[in-house]
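Chain by chain, the residues:
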Amino acid sequence: MDSVKWLLATRNPGKIRELRIILADARIDIVGLGDLGIDEESPESGKTFLENAMQKARFYYERAGIPTLSDDSGLEVDALNGAPGIHSARFGGFKTHEEKCAYLLGLLAEVPKELRTARFVCAAVFHDGHEYISAEGSLEGFIGDRPVGDLGFGYDPVFHPEQDGPSTAEYGTEAKNAISHRGRAFRALVKGLEEAGRLP
Ligand code: ITT
């Protein structure tokens, strides 16, 4: 059966790598912002992951004119009252993820192991100019005491689904997708799209 060709509205290469696999399973063929020559940046002024994901989907749908999928995601650390949350991409004003992970580990330096609980959260949105279909997913875990692993992206080197187990930067794409916030959100979104009759 034919696949559908939709825009995946993200510039994060780590998300693209993970989502290409998840979406190929649903026969969704993805074009990127770069493929369509879209270089404008969507505002992200929402108060929640879902609001931001809807804002991105609408912004890029209006420029691309084809059905659009977006992702807004981040890390919530309980000892920091849920920070960095929706500000994960610009935590502490740092640019690189090495700096952001180091900043996070510094903030948690005095926090004992059992209180280093955290979760990754993802809101996934489809928009076609008429309707929005959305789903959310999360992955509970713990912040380690140093970065480990070089797979994945972002906060993966400091995030451990099991306290004394590997970080998500040691999982590899397929194993991470199987349990991750993004895998859960987008598999639920695909189910919602199927139920709405939006997939072949
Ligand atoms: P787009 O807006 O272009 O999609 P972005 O990286 O700016 O890319 P977000 O605004 O959703 O995306 O920010 C999410 C940040 O949260 C991301 O930059 C990472 O720092 C972190 N993050 C999200 N998912 C993650 C994951 O699976 N592993 C590690 N870090 C993650």
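The rules behind the values
- Residues numbered from 1 in each chain as written.
- Predicted model: local features only at pLDDT ≥ 70, side-chain atom pairs only at ≥ 80, totals over all residues.
- Heavy atoms only, no water.
- Salt bridge = Lys/Arg side-chain N within 4 Å of Asp/Glu carboxyl O.
- Helix = DSSP H or I, 4+ residues; strand = E, 2+ residues; numbered from the N terminus.
- Buried < 20%, exposed > 50% of the residue type's maximum accessible area, 1.4 Å probe, protein only.
- Near = heavy atom within 4 Å.
- Polar contact = N/O pair within 3.5 Å; in protein donor to acceptor, adjacent residues only side chain to side chain.
- Areas by Shrake-Rupley, 256 points an atom, 1.4 Å probe, with all protein chains shown as cover.
- 1 Å grid on protein atoms, 1.4 Å probe; cavity = no way out; pocket = protein on both sides within 12 Å on 5 of 7 lines; lining within 4 Å.
- Sits in = over half its atoms within 2 Å of the grid points.
- Points joined across faces, edges and corners; volume = space filled by probe spheres on them.
- Nonpolar A, V, L, I, M, F, W, Y, C, P; charged D, E, K, R; others polar.

**Some thoughts on the pattern of salt bridges**
Right, on to step 1. Under the definition given, this model contains 17 salt bridges.
Right, on to step 2. Taking the shortest distance from any N to any O, the salt bridge between K56 and D72 comes out at 3.1 Å. Note that K56 is positioned in helix α2 (residues 49–64) and D72 in strand β3 (residues 68–77), a separation of 16 residues in sequence. Residue K56 shares its accessibility class with D72, and that shared class is buried.
Right, on to step 3. Several salt bridges share partner residues, and in doing so they unite K15, E18, D71, D156, K176 and R182 into one network.

**Considering the site of the ligand**
Right, on to step 1. Around the ligand, the structure places 21 residues, and the nearest of them are T10, K15, K56, H97 and K176.
Right, on to step 2. Between the ligand and the protein, one listed contact pairs an oxygen atom with a side-chain N or O atom of D72 at 3.2 Å.
Right, on to step 3. Relative to its unbound accessible area of 610 Å², the ligand is 91% covered by the protein chains.
Right, on to step 4. With respect to the detected pockets, the ligand is housed in the largest pocket.
Right, on to step 5. Every element with two or more residues in the shell around the ligand is listed here: β3 and α5 (181–195).

**Side note on the layout of surface pockets**
Right, on to step 1. If you add up the space inside the largest pocket, you get close to 610 Å³.
Right, on to step 2. Lining the largest pocket are 30 residues, and of these N12, K15, K56, S73 and A89 lie nearest its centre.
Right, on to step 3. Only α2, β3, α3 (97–107) and α5 provide two or more residues apiece to the lining of the largest pocket.
Right, on to step 4. With 5 residues, the top contributor of residues to the lining of the largest pocket is β3.
Right, on to step 5. Across the lining of the largest pocket, the residue classes break down as 9 nonpolar, 9 polar and 12 charged.
Right, on to step 6. Estimates place the volume of the second largest pocket at around 200 Å³.
Right, on to step 7. Residue lining of the second largest pocket: K113, R116, F142, I143, G144, D145, R146, V148, H160, Q163, D164 and G165, and that is the complete set.
Right, on to step 8. Here the lining of the second largest pocket is built from residues that sort into 3 nonpolar, 4 polar and 5 charged.

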